[in-house]
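Commentary on secondary and tertiary structure
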Amino acid sequence: MNHSKCFVFVVRQPPFRGDRTVELVDQLLAVAAFDHPVDVLFLDDGVWQLQAAHVLEGAGLRPLAPLLRTLEFYDVREVAAEHESLAERALSPDGLVLPVRLLARSEVPAWIAGHDVAVGCG
Amino acid sequence: MVGALIMKFVIQIDASPHEAQAANTAYQFIKAALANGHHILLVFFYYDGVCNAQVSSFAGKDDLSGRWSALAREHGLDLVLCVSAAQRRGLVSAEGKDQGLLAPGFRIGGLGQWVDACLKADRILTFTS
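First, a word on scope: everything that follows refers to the structure included in this document. (Residues numbered from 1 in each chain as written. Chains lettered and ligands numbered in written order. Predicted model: local features only at pLDDT ≥ 70, side-chain atom pairs only at ≥ 80, totals over all residues. Heavy atoms only, no water.)

Now for the sheet that holds strand 1 (residues 8–13) of chain B. Residues and elements named next belong to chain B. With respect to topology, 5 strands assemble into an open sheet ordered 4-3-2-1-5, the strand pairing being parallel. Only two strands of the sheet have a single neighbouring strand rather than two, namely strand 4 (106–109) and strand 5 (123–127). Looking at each pair of strands side by side, their axes are set apart by 25° on average, direction ignored. Of the strand pairs in this sheet, strand 2 (residues 39–45) and strand 3 (residues 79–82) are connected by 3 bridges, and their pairing is parallel. Bridge pairing in strand 3 places valine 43 opposite leucine 79. (Pairing = 2+ DSSP bridges. Helix = DSSP H or I, 4+ residues; strand = E, 2+ residues; numbered from the N terminus. Axes fitted to C-alpha atoms, helices over the stretch in contact; angles between N-to-C directions.)

Now the structure itself:
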């Protein structure tokens, strides 16, 4: 019998790359549907996914964040963002579309290492 | 290989063969892993990676789909395309059927197979652009 594994999806892509955001959510949901713990980390340009939704929608883009708001119903455990990635892009943690746990760059490797499977979405 | 640790891998390929080196790097990694006695439980093509399955009109030595087919035939690899990603890119019909565009050795599957394989694997590697 297979034991449960803890997954983390590391989102490094901006929301300007076609259907990738939707496909990322599909993959997240597939893992959650099998009752495995799932976390999400926004890193580098991936933090743009957390930008206020109306900015993205005005540009005809489909943001990830409104979809992520629904993920608590699928037992997505934690949404985190790297503090330095936000700061380098002049994004304030207060202006994001959903609450995130802020991780310092120095904390990220250990945090990822606490998972069994890390899936890069670059 | 005496005393060597044999591992079970799941490989996810997210890039088309035309946009980046990632798919070719994955191909080379798999060949090296098999040559060293490791097991490849699943090669899962997702995002633009599903384009690796498309038969090239200009098949030559750079035709990666042909090389994937040959590798699958030689080693019994399971090459699985995500059906929804393949539908979005027109590789399979709305009903999820092959429209004659897929190279031999590839089959249509879903994310459930990827999750299941991840549970059995020692390592999951993602090759992305």
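Still more to cover.
Residues and elements named next belong to chain A. Along the chain, the position of histidine 36 falls in the loop between helix 1 (20–33) and strand 2 (38–42). Classification of histidine 36 by relative accessible area gives buried; the value is 7%. Side-chain polar atoms of histidine 36 contact the side chain of serine 4, separated by 3.2 Å. (Buried < 20%, exposed > 50% of the residue type's maximum accessible area, 1.4 Å probe, protein only. Polar contact = N/O pair within 3.5 Å; in protein donor to acceptor, adjacent residues only side chain to side chain.)

At the interface, 22 residues of chain A touch 23 residues of chain B. When the two sides are added together, the surface that chain A and chain B hide from each other amounts to roughly 1800 Å², 53% of it contributed by carbon and sulfur. Counting every contact that joins chain A to chain B gives 3 salt bridges. For aspartate 26 of chain A, the salt bridge identified is with arginine 88 of chain B, shortest N-O distance 3.4 Å. Seen at the junction of chain A and chain B, the total is 8 residue pairs in polar contact (both at pLDDT 80 or more). (Contact = heavy atoms within 4.5 Å. Buried area = accessible area lost by both parts, 1.4 Å probe. Salt bridge = Lys/Arg side-chain N within 4 Å of Asp/Glu carboxyl O.)

All names here are of chain A. Sheet architecture is open: 5 strands sit in the order 4-3-2-1-5, paired in parallel fashion. On the outer flanks of this sheet lie strand 4 (101–103) and strand 5 (117–121), each paired with one strand and no other. Within this sheet the neighbouring strands show an average axis-to-axis angle of 25°, counted without direction. With 5 bridges joining them, strand 2 and strand 3 (residues 76–82) adopt parallel strand pairing. Counted as the bridge partner of leucine 41 is alanine 80 from strand 3. Each of strand 1 (7–11), strand 2 and strand 5 touches helix 1; the most contacted strand, strand 1, lies at about 170° to it.

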